[in-house]
Every structure is written in structure tokens, then in C-alpha cells.
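# A structural walkthrough
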Protein chains: 2
Amino acid sequence: MSDARRKFKRETADQRKEALIQATLSLVAEKGVRGATVRAIAERADVTQGLIRHYFSTKEELVTAAYETHMTEMTDLTFTMAAKVQGTARDHLAALVRTSLEPPVADPRAVALWASFLNKVQQDAQMKATHERTYADFRDRLQDLIRAALDEAGQSVSDTRLHHLATACNGVIDGLWLEGGALPDAFAPGELPGIGVESVGAIIGLDLEQRANQP
Amino acid sequence: MSDARRKFKRETADQRKEALIQATLSLVAEKGVRGATVRAIAERADVTQGLIRHYFSTKEELVTAAYETHMTEMTDLTFTMAAKVQGTARDHLAALVRTSLEPPVADPRAVALWASFLNKVQQDAQMKATHERTYADFRDRLQDLIRAALDEAGQSVSDTRLHHLATACNGVIDGLWLEGGALPDAFAPGELPGIGVESVGAIIGLDLEQRANQP
DNA sequence: TTCGTAATTATGCAAGTGTATAAATACGAA
DNA sequence: TTCGTATTTATACACTTGCATAATTACGAA
């Protein structure tokens, strides 16, 4: 029997799960969690709906897995990109801010996903835990960078003060991230990272915009 | 026939529409637009589902009306509260920032609504128009306050620079508003308005935290 | 009081929903 | 090659959804 008459192809469990998760994410971004129906997900992943049940015992389980995947990818992406930058502690901090506010991290689809999941995150304990873990990860990392940049500049701050600075900067960064994704046309290209670096610099009292070895 | 045996009570069209809209908003905040079913809305408004059709020819129409109502209420509320403050231009600006980041403006329900409507806003032209109008209103008002505060301090800035400052401050305020509503427990009481005033002040180069007639 | 009519309820329907279960089929092991 | 079995499709079911239409009922006008 020729391949052309094959009715389907077997994939590994990981490939299928990943395809289903990606199909779920794209639909959730477009139409929300309830709009991402099993049939629509199956169609987008090019399988029949029964297959979903074979890999995820319920739609809830698929959605939770998709959220977990998305959040992990976002965090990894941000940290990986920011880690590439060489330079002083101040440069590192500036790079993290910039990376967080540029594509592919800051992007309409990511914000649409964030918005679509918000309801469920507030009600589902497991999703809430995932959310708080990623949030805390980012904030701690940001706090370390702020401390290093201030140390480097010869300034010392109390733990309380440092905590406040990190909270403020994190709020500004997350906020601008949301704004940029929700209203991509409200900002000129590169404007958003600029505002972020300017604001974070202003809050902690360092000029982040000049590079380390300027004239 | 005694009142106790009445099967229903007639209300004016405005009262019923308002009740249906409020029921819709509370359900959309909890479960998203698709989760706010006609039957659930009717139950929450204490009517039978057929009545909805009598006032709104389609669910889409009800949802659009609810969004319009919500956005108008939010804008009015913010401007009304901020307008009460007496003092210098700097005080006015600080008050607008604070008001935007305190309850009842900054509040989990309002952010949940924002998130739930985001999908529809991006796809429905009428909702997009409503959104952009309210957004522009706020930004223009903010820009006027910034200009006045800078004038008052004897600083003059170019229109381009002013536009940039307003965009930056607006981004920070909206962003913090979202953060505060999405993670109400991440900030101590009063911390968020403080961060907002601090950041906006830092961006435009004025200390907004001291009141006008300090020693 | 009676009565007309608009507000409200009651009932029904076709399409879409998640989930369950049976049937078909690809593909590695023998 | 043959065959077993996990993967995948096919089909069905009970329930929910938005919308439509008929049947009631409240309440002001006469």
C-alpha cells in the first residue's frame, strides 16, 4: 500500500503533546480558554479530537500543561537572552530591562495569553502556583542585578530599601510589558525599552543609558 | 391578588438594562466573555433568559454595551476623584497618579475585566474605538498636567520631548495599574501609588512627593 | 373597574460542547 | 513476512449554548 493512502502517521508522545500544546496556546491567545475548544485544537494540530483524550485525560489538564509550557518558555527566553550580554553590572541590568521589553518577550501574543489565562490563574491553585513561582524568580533575579549595579557604583542600600527598589522596578517592567503587548502601535520601535531603562534608572538613581566604556 | 403572589415586577427600561449590564460585567470579570452565558447573566440579574433578548437583540450587543459602560465609568471616576484635589499643578499631577493606582480605580475586578475583554477589543472595531478613545483621553489629560507642572517649575520642554514624557508616564501608570490589579498581594497598602509618584517624578525630573507648601 | 399592551416568563430548537467508547490502522518485534 | 498492540480515527451521548417564538402577567389608561 502506498504512503499516499496512509490515513495517519504515528508520532512520538512528546511530539504529539507539544503539537497539541502549541495548538492550544495559539487558540487561547486568539479566543480565550473557552474559545479554544477541543475540536478547534484538534483541527489546528491536524488530528481528530479523540486523540486529545489519549494524551490528556481532560481539557483542563491540557490547558494547565499549556500554561506551564508558556510560562517556562517565557522565563527561559528572557534570562537566556539577557545573559548573553557582556559588561558591567549596570550593563547587565540595562540588558535585562531591554530584553524584557523587546520582541520576542514583549509581544502581543504573549500578552494576549497572559490576559486569557488570568481568570484561571486566579481560581486554579496549580496555575496560581506556577504564576507566583515565575513572578518571584524574575523579581529575585532583578533584585540581584540592582544590588550589583548599586554596589558597583559605590552605593549601599538597606535590605528594605533594596526590596522596595526591586518591587518598583519589577512593577514598571511588567507594566510596560503589558502596555507594549496590549497597544503595540502606541509606541515607536525601540521606544518601550528606552522608557523602561530610563524609568528603572531613575528609580534606582543610576544612569543606565550610557554604556560602560563611554568617552 | 396579594403582592406575595406576583410572579414578576415591571421595571423601567433603564433600570433593567443597567441591571443586565452589571450582571454581565460581574460574570465577565469572573469567567470571561464566553463564560458569561445568557442564562447565567439572567440568573444573576434575577430575570429569565428571554428578557435579555427583549432589551438586547443579541449577546454581542449586551457585551458591547457593558464594555462601553465600564470604560466610561472608569474614566469618569478617575477624573472626578483627581479633580477634587486643590493645590499646585504639581499636586494635581501627583493626585492623578495616586488616584489611578488606588482603589477603586486600581482594583482586581477592573483588571480582570480588562483582561477578559482584551480579545474582543482587538477584534471588534467598535470596542477597539471605545478603547482607543479612553486611552487617548487619559494620555492627553496627563500630558496637560505634565506641561503645567514643568511650566510651574520654570522648565520648558519641546513638544516632542513632552510627548515622550507623557507616553512614558502613561505607560508606567497603566502598567502599575495592571500589576496592582493582577497581583494585589505583591504590594503593601499604599506602596503602589508611592511607586507611581516616585517613577513619574523621576521620569519628568520633578519631586512629586513633597506637597506644595512645605517648610 | 375593565382592558390593551408592553414586559416578562415559559418552552423549544439547532448547533456546539466535553467526554466516553468502539473500530480502524500504522509500525516495530518476532 | 506476520502479528500484537499502542496510536489514531470514528461515532455517539448527554449537556450547554444562543436564539426564536408562544404563552402569561403586570400595570397604566379609559
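Residues numbered from 1 in each chain as written. Chains lettered and ligands numbered in written order. Predicted model: local features only at pLDDT ≥ 70, side-chain atom pairs only at ≥ 80, totals over all residues. Heavy atoms only, no water.

## Quick notes on helix α7 (residues 125-152) of chain B
Residues and elements named next belong to chain B. Put simply, the test is: Under the DSSP-based scheme used, a helix requires at least four consecutive residues in state H or I and a strand at least two consecutive residues in state E, with every element numbered from the N terminus. The span you would expect from a helix comes to 1.5 Å times its residue count less one. Nitrogen and oxygen atoms within 3.5 Å of one another constitute a polar contact, given that in protein one can donate a hydrogen and the other can accept it, and given that sequence-neighbouring residues count only through two side-chain atoms.
If you check α7, its first and last C-alpha atoms are 41 Å apart, about what 28 residues at 1.5 Å a residue would give, namely 40 Å. Here α7 starts with a cap whose side-chain oxygen sits 2.8 Å from the backbone nitrogen of Gln126, and that cap is Asp124. Positive backbone phi, approximately 80°, marks Gly154, located one or two places after α7.

## Quick look at the domain arrangement of chain A
Residues and elements named next belong to chain A. Applied cut-off: Domain start and end points were adopted from an automatic or database domain assignment. We call two residues in contact when some of their heavy atoms are within 4.5 Å. By definition, the buried area sums, over both parts, the 1.4 Å-probe accessible area that each loses when the two are put together. Note on definitions: salt bridges are taken to be side-chain nitrogens of Lys or Arg within 4 Å of carboxyl oxygens of Asp or Glu. Under the scheme applied, nonpolar residues are Ala, Val, Leu, Ile, Met, Phe, Trp, Tyr, Cys and Pro; charged residues are Asp, Glu, Lys and Arg; polar residues are all the others, including Gly.
Split into domains, chain A comes out as domain 1 (11-57) and domain 2 (66-215). For domain 1 and domain 2, the distance between their C-alpha centres works out to 30 Å. Contacts between the two partners involve 10 residues from domain 1, matched on the other side by 10 residues from domain 2. Between domain 1 and domain 2, roughly 800 Å² of surface is buried when both sides are summed, and carbon and sulfur atoms account for 70% of that area. Among the residues of domain 1 in contact with domain 2, Leu25, Ala29 and Val33 are the three that bury the most area, contributing 57% of the side total. Viewed at the interface, domain 2 and domain 1 are joined by zero salt bridges. Our count for the domain 1 to domain 2 interface comes out at one residue pair in polar contact (both at pLDDT 80 or more). Across the side of domain 1 that touches domain 2, the residue classes tally to five nonpolar, four polar and one charged.

## A few points about the protein's contact with DNA strand C
What counts here: When at least one non-hydrogen atom of a residue lies within 4 Å of a molecule or strand, that residue is treated as near it.
In the vicinity of DNA strand C there are 25 residues, among which Arg10 and Arg53 of chain A together with Arg10, Arg16 and Tyr55 of chain B approach most closely. Note that a phosphate oxygen of DNA strand C is positioned 2.7 Å from one of the backbone N or O atoms of Lys7 of chain A. Elements with a contribution of two residues or more to the surface near DNA strand C: α2 (38-44) of chain A together with α3 (49-55) of chain B. The element best represented in the surface near DNA strand C is α3 of chain B, accounting for five residues. Within the surface near DNA strand C, the residues separate by chemical class into six nonpolar, seven polar and 12 charged.

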